[in-house]
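# Notes for the structure review
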Amino acid sequence: MQNLTIAQTLTMSSREIAELTGKDHGSVVIRDIWNMIFDLHGITKDAAILQDNKNQKVTLTEGVIVAIDGRGYVAEFLLDRRHTEILITGYDVKRRAAVIDRWFALESGKTQAITAAPALPENYISALEALLESKKSEAMLALVNKKQEEEIHCLQNLFQVGMTPVQFCKQLNGGFVE
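Basis of the calculations
Residues numbered from 1 in each chain as written. Predicted model: local features only at pLDDT ≥ 70, side-chain atom pairs only at ≥ 80, totals over all residues. Heavy atoms only, no water. Helix = DSSP H or I, 4+ residues; strand = E, 2+ residues; numbered from the N terminus. Buried < 20%, exposed > 50% of the residue type's maximum accessible area, 1.4 Å probe, protein only. Contact = heavy atoms within 4.5 Å. Areas by Shrake-Rupley, 256 points an atom, 1.4 Å probe, with all protein chains shown as cover. Salt bridge = Lys/Arg side-chain N within 4 Å of Asp/Glu carboxyl O. pLDDT = per-residue confidence, 0-100. Core = buried A, V, L, I, M, F, W, Y, C linked by side-chain atoms within 4.5 Å.

## Overview of the overall build of the chain
- The secondary structure content of the chain amounts to 7 helices and 5 strands.
- Split into buried and exposed, the 178 residues of the chain put 29% on the buried side.
- Contacts in the chain between residues far apart in sequence, at least 24 positions, make up 46% of those at least 6 positions apart.
- Of the accessible surface of the chain, which amounts to about 12300 Å², a share of 56% is contributed by carbon and sulfur atoms.

Below, the structure written as structure tokens:
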């Protein structure tokens, strides 16, 4: 098993499949995916593997990525088109049609893929680095915000209720009209 380096490969999340098919994500779709992975690849649901990869995305096999939460449980699966179609062939016609229509929309570019939430930092140092970047960004935004507030205040002082366009122009020219 290896940690995932996210590529531009289209995937569909198990949560989206659950929503499209009207099935319960936790007890039905996740169970169906584990059964499919076992039948196709002989990969079993091994709690030890999941526990060792908390807050990460792990490639189980080509086209099957599992996102693991901080407790070591499956948050969702990300499946390529092949695995998605294999999964849904066991579903009824309306459910299959909904998922296949979604794949056509994704591949044609008519719609955007739903991306999973970013994984949490792998260790304490990367968490601190992420916090530092967040604080730098926050400070930069605060400076920009302050500058914009000052500009807005200056512009608001130029406008007065009942002022005519001519009076406004005179004020901009320092009181002189040419």
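## Considerations on the pattern of salt bridges
- Evaluated as defined, the whole model comprises 8 salt bridges.
- Where R31 meets D32, a salt bridge forms, and the shortest distance between an N and an O atom there is 3.3 Å.
- By relative accessible area, D32 is classed as buried at 16%.
- The shortest N-O distance in the salt bridge between R95 and D92 comes to 3.3 Å.
- Among the charged side chains, a network of salt bridges with common partners joins R81, E85 and E107.

## A few points about the confidence of the model for the chain
- Averaged over the chain, the pLDDT score is 80; the fraction of residues at 70 or greater is 84%.
- The spread of mean pLDDT over the elements of the chain runs between strand β1 (residues 2–3), the lowest at 46, and strand β5 (residues 74–79), the highest at 91.
- Confidence over residues 1–7 falls short of pLDDT 50; this stretch has 15 contacts with residues more than four positions distant or in other chains.

## A word on the nonpolar core
- Of all hydrophobic cores here, the largest spans 23 residues; its most connected members are I33, I37, L60, V66, F77, L79 and L87.
- Those elements that provide at least two residues to this core are α1 (14–21), α2 (25–41), β3 (56–61), β4 (64–68), β5, α4 (81–88) and α5 (93–108).
- Tallying contributions element by element places α2 first for this core, with 6 residues.

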